[in-house]
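# Analysis of the macromolecular model
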Amino acid sequence: AQSVTQLGSHVSVSEGALVLLRCNYSSSVPPYLFWYVQYPNQGLQLLLKYTTGATLVKGINGFEAEFKKSETSFHLTKPSAHMSDAAEYFCAVTSYSSASKIIFGSGTRLSIRP
Amino acid sequence: NAGVTQTPKFQVLKTGQSMTLQCAQDMNHNSMYWYRQDPGMGLRLIYYSASEGTTDKGEVPNGYNVSRLNKREFSLRLESAAPSQTSVYFCASSGLGRDHRYEQYFGPGTRLTVT
């Protein structure tokens, strides 16, 4: 079975500060990992994904995430927060053998202070 | 391309009423999904269809039925709505090719209230 834990249901940072959203996963097989973003009253949009290869993956809007197998983590970072980054962020996990079933975390709401 | 479209955007039902949520995608994707989103619980998979002609239960299928009408369309039916089914419902589809079949594209959602 696979699972995802997002630490912190709400994170608040100042504009221009580092954004760090934490995600830990559990998987008995090599995981495929994702971050999705949801803006108010919209569906989810893929930010970035890790399947195989380079463990540091870059996504849209300046976000990146690093797959750390030893720590079972896939934390999302952005060096400098913008007001437009305010949204809810979801970490998700699947695997090659169960690609039709993606398990989502409970989400982290990111607020940006002026 | 419209991507994934859902109708209706909003719906209010009384307990016991039935309704069908419609979803269509124009990306020629094989797989389609229905999720519900509740506060603090992320997205939970209700049903999915890995390909045209097949459907499978997800994490929370009770009280729902689905139909994969053709490759483009995947509908979700509530036969007898209950207040516990008040939620936001999202349809999604996933892509073609080895590197893209894991990426899910989401519709804008249907906000359903059952009174």
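Up top you'll find the structure we're talking about.
Keep in mind the model is a prediction, meaning the values are calculated, not measured. (Residues numbered from 1 in each chain as written. Chains lettered and ligands numbered in written order. Predicted model: local features only at pLDDT ≥ 70, side-chain atom pairs only at ≥ 80, totals over all residues. Heavy atoms only, no water.)

### Notes on the packing of aromatic side chains
Spelled out, the test is: For Phe, Tyr and Trp, rings pair up if their centres lie within 6.5 Å, where Trp contributes its six-membered ring, and each pair is then called stacked (planes under 30 degrees apart), edge-to-face (over 60) or tilted (otherwise). Strands are runs of DSSP state E lasting at least two residues, helices are runs of H or I lasting at least four, and both sets are numbered from the N terminus onward. Each residue gets one of three labels from its accessible area relative to the maximum for its type: buried under 20%, exposed over 50%, partly exposed in between, using a 1.4 Å probe on protein chains only.
Considering all chains together, one arrives at 13 aromatic pairs over all chains under this definition. Ring centres 4.4 Å apart and planes at 20° place the aromatic pair Tyr50 of chain A and Phe67 of chain A in the stacked group. Of this pair, Tyr50 of chain A sits in strand S5 (residues 44-50) while Phe67 of chain A sits in strand S7 (residues 64-68), and the two are 17 residues apart along the sequence. Note on Phe67 of chain A: relative accessible area 9%, which makes it buried. Each ring, one from Phe104 of chain A and one from Phe106 of chain B, has its centre 6.1 Å from the other, and the planes form 75°; the classification is edge-to-face. Within this pair, whereas Phe104 of chain A is found in strand S10 (residues 103-104), its partner Phe106 of chain B is found in strand S10 (residues 104-106), the two belonging to separate chains. Taken together, the aromatic side chains of Phe34, Tyr36 and Phe104 of chain A together with Tyr33, Tyr35, Tyr48, Phe90 and Phe106 of chain B make up a single cluster linked through ring pairs.

### What to know about the sheet that holds strand S8 (residues 74-78) of chain B
All names here are of chain B. Here is the rule: Strand pairing requires that DSSP identify at least two bridges connecting the strands. Helix axes use the C-alpha atoms of the stretch in contact, all axes being lines fitted to C-alpha atoms, and the angles between their N-to-C directions lie in the range 0 to 180 degrees.
The strand order S1-S3-S8-S7 describes an open sheet built from four strands, whose pairing is antiparallel. Of all strands in the sheet, those bounded by a partner on one side alone are strand S1 (4-7) and strand S7 (64-68). The sheet shows a mean angle of 20° between the axes of neighbouring strands, direction not considered. Note: strand S3 (residues 19-25) against S8, three bridges, orientation antiparallel. From the neighbouring strand, Thr20 faces S8, where its bridge partner is Arg77.

### Considering the layout of surface pockets
What counts, and what does not: A cavity, in this analysis, means grid points on a 1 Å lattice covering only the protein atoms where a 1.4 Å probe fits yet has no way out; a pocket is instead an open set bounded by protein on both sides within 12 Å along at least five of seven lines, and a residue lines either one if it has an atom within 4 Å of a point. Grid points are joined across faces, edges and corners, and a volume is the space filled by probe spheres set on the points. The residue classification treats Ala, Val, Leu, Ile, Met, Phe, Trp, Tyr, Cys and Pro as nonpolar and Asp, Glu, Lys and Arg as charged. All others, Gly included, are polar.
In this structure, the largest pocket occupies an estimated 330 Å³ of space. Broken down by secondary-structure element, the contributors of at least two residues to the lining of the largest pocket are strand S9 (87-95) of chain A together with strand S9 (87-94) of chain B. Considering each element in turn, the lining of the largest pocket owes the most residues, three residues, to S9 of chain A. In the lining of the largest pocket, the residues fall into seven nonpolar, nine polar and four charged. The element that contributes the greatest number of residues to the lining of the second largest pocket is strand S5 (residues 43-49) of chain B, accounting for three residues. For the lining of the second largest pocket, the residue count by class is six nonpolar, one polar and three charged.

### Focus: the pattern of salt bridges
For clarity, the threshold we go by: Here, a salt bridge means any side-chain nitrogen of Lys or Arg that lies within 4 Å of a carboxyl oxygen of Asp or Glu.
Following the criterion strictly, the structure yields six salt bridges over all chains and no others. In this structure, Glu64 of chain A and Lys58 of chain A form a salt bridge, with 2.8 Å as the shortest nitrogen-oxygen distance. A relative accessible area of 23% means that Glu64 of chain A is categorised as partly exposed. One network of salt bridges, with partners in common, ties together Arg36, Asp38 and Arg44 of chain B.

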